[in-house]
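Residues per chain are reported as follows:
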Amino acid sequence: LASALTLQVPANATQARIDTVLGALKQTKGVVSARLLGTDETAKLLQPWLGSDVPVATLPLPHLIDVRIDPHATIDYATLRQQLASIIPEAQLDNNRSWLGSMREFALRVEGVITAGVVVVTALIVMIVIFTARIGLAIHRSVIELLHLLGAQDAYIARQFQVHALSLGLRGGIVGAGAAAVTVMILGPAGRLLQLPVPVAAYSIVDWRVWLLLIATCLIAGGVAMVTARITILRQLARMP
């Protein structure tokens, strides 16, 4: 879309004026090609809204000209619109770049919110594991001192805590992944039913990439819990007399 423009010409425009517009576009610096869409192509574009039973040929639809441009070229759109308006006053030139720029800004904002959410959730996981590990260490302090007397290493003791934290993290990840899967299953059909301009779920639940992401989420949750528990327990054990 960044390298394409669309020119709408009124339905009552003569073929001579359309040919003149095509010639003007092809002579414009930065324009690679300009092609008038046929009736069948226009009907195909309108089919999602009008259906296949509507006689498109009988409707006063504007003529569409597909214009391909060099994405690296600088085009004076104001001058180009004036030139086209002098040939066909009601011609409308749609530039997709401004629309794409707005979409990119929106996508960056969404990515920022999602990134902040992931950071917050990860921080909460770390804090909860640290708090839980310290409580567990305090509860089993006498047992740990006895294990030390028997010659147990800190790594062995930390391993018991980290295995427990891994189990809890995986179980929490499975619950979260299940909730995410249900959300995707609901949002996908809802977005298509409401005909939202931006798809709320780009991929369906049957897509292998969705399952890969859900499995990775479970593993990452368990890994974060395990590593946090190990580091916390080893530090606490190093401070014990």
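Structure's up top.
Procedures and definitions
- All residue numbers refer to position in the chain's written sequence, counted from 1.
- Side-chain atom pairs in this predicted model are given and counted only at pLDDT of 80 or more, local residue features only at pLDDT of at least 70, and totals for whole chains, interfaces and linings cover all residues.
- Side-chain figures throughout are based on the complete set of non-hydrogen atoms in the structure, without hydrogens or water.
- To get an axis, fit a line to the C-alpha atoms, keeping to the stretch in contact for a helix; angles then go from 0 to 180 degrees between the N-to-C directions.
- Only DSSP runs of H or I with at least four residues qualify as helices, and only runs of E with at least two residues qualify as strands; both kinds are numbered from the N terminus onward.
- An angle counts as roughly parallel when it lies under 35 degrees, as roughly antiparallel when it exceeds 145, as roughly perpendicular when it falls between 65 and 115, and as oblique in every other case.
- Handedness of a helix crossing follows the sense of rotation of the near helix relative to the far helix, less than a right angle counterclockwise being left-handed and clockwise being right-handed.
- Contact between two residues is taken to exist if any of their heavy atoms lie within 4.5 Å; hydrogens are not considered.
- Here the term charged refers only to Asp, Glu, Lys and Arg, the term nonpolar to Ala, Val, Leu, Ile, Met, Phe, Trp, Tyr, Cys and Pro, and the term polar to all other amino acids, Gly among them.
- In this scheme, a residue with accessible area under 20% of its type's maximum is buried, one over 50% is exposed, and one in between is partly exposed, where area comes from a 1.4 Å probe on protein chains only.
- Lining residues are those with an atom within 4 Å of a point, where the points come from a 1 Å grid over the protein atoms alone and group into cavities, where a 1.4 Å probe fits but cannot get out, or pockets, open sets with protein on both sides within 12 Å along at least five of seven lines.
- Grid points are joined across faces, edges and corners, and a volume is the space filled by probe spheres set on the points.

S.K.: I tried to follow the packing of helix α1 (residues 15-26) against helix α3 (residues 77-87) on my own but got confused; where do I start?
M.R.: If you want to describe how two helices pack, look at the angle between their axes and the distance between the axes. Running from N to C, α1 and α3 point in directions that differ by 160°, and their axes come no closer than 10 Å. By the angle class used here, α1 and α3 are roughly antiparallel. The two elements α1 and α3 cross, and the hand of that crossing is right-handed. For the pair formed by α1 and α3, the contact residues are Arg17, Thr20, Val21, Ala24 and Leu25 on the first element and Leu80, Gln83, Leu84 and Ile87 on the second. Across the contact of α1 with α3, the residue classes break down as 6 nonpolar, 2 polar and 1 charged.

S.K.: What's the story with the environment of Gln83 in this structure? I'm lost.
M.R.: Inspection of the secondary structure assignment puts Gln83 in helix α3. Judged by its relative accessible area of 36%, Gln83 is partly exposed. With 62 residues separating them along the chain, Gln83 and Val21 place their C-alpha atoms 8.9 Å apart. Beyond its immediate sequence surroundings of up to four residues, Gln83 is in contact with Ala24 and Thr28.

S.K.: Looking at this structure, I do not really get the layout of surface pockets. What am I missing?
M.R.: Unoccupied space between atoms shows up once a probe the size of one water molecule is rolled over them. The space that makes up the largest pocket amounts to roughly 1200 Å³. Lining the largest pocket are 45 residues, with Ile125, Gly173, Thr217, Ile220 and Ala221 sitting closest to its centre. Taken together, the elements giving at least two residues each to the lining of the largest pocket come down to α4 (96-139), α5 (141-149), α6 (154-194) and α7 (208-239). With 17 residues, the top contributor of residues to the lining of the largest pocket is α6. Tallied by class, the residues present in the lining of the largest pocket amount to 32 nonpolar, 13 polar and no charged. Its boundaries defined by the atoms lining it, the second largest pocket holds a volume of some 380 Å³. Lining the second largest pocket are 16 residues, and of these Thr6, Leu37, Leu45, Trp49 and Leu64 lie nearest its centre. Looking at the lining of the second largest pocket, the elements with two or more residues in it are β1 (4-9), α2 (39-50) and β3 (63-69). Residues belonging to the lining of the second largest pocket are distributed by class as follows: 11 nonpolar, 3 polar and 2 charged.

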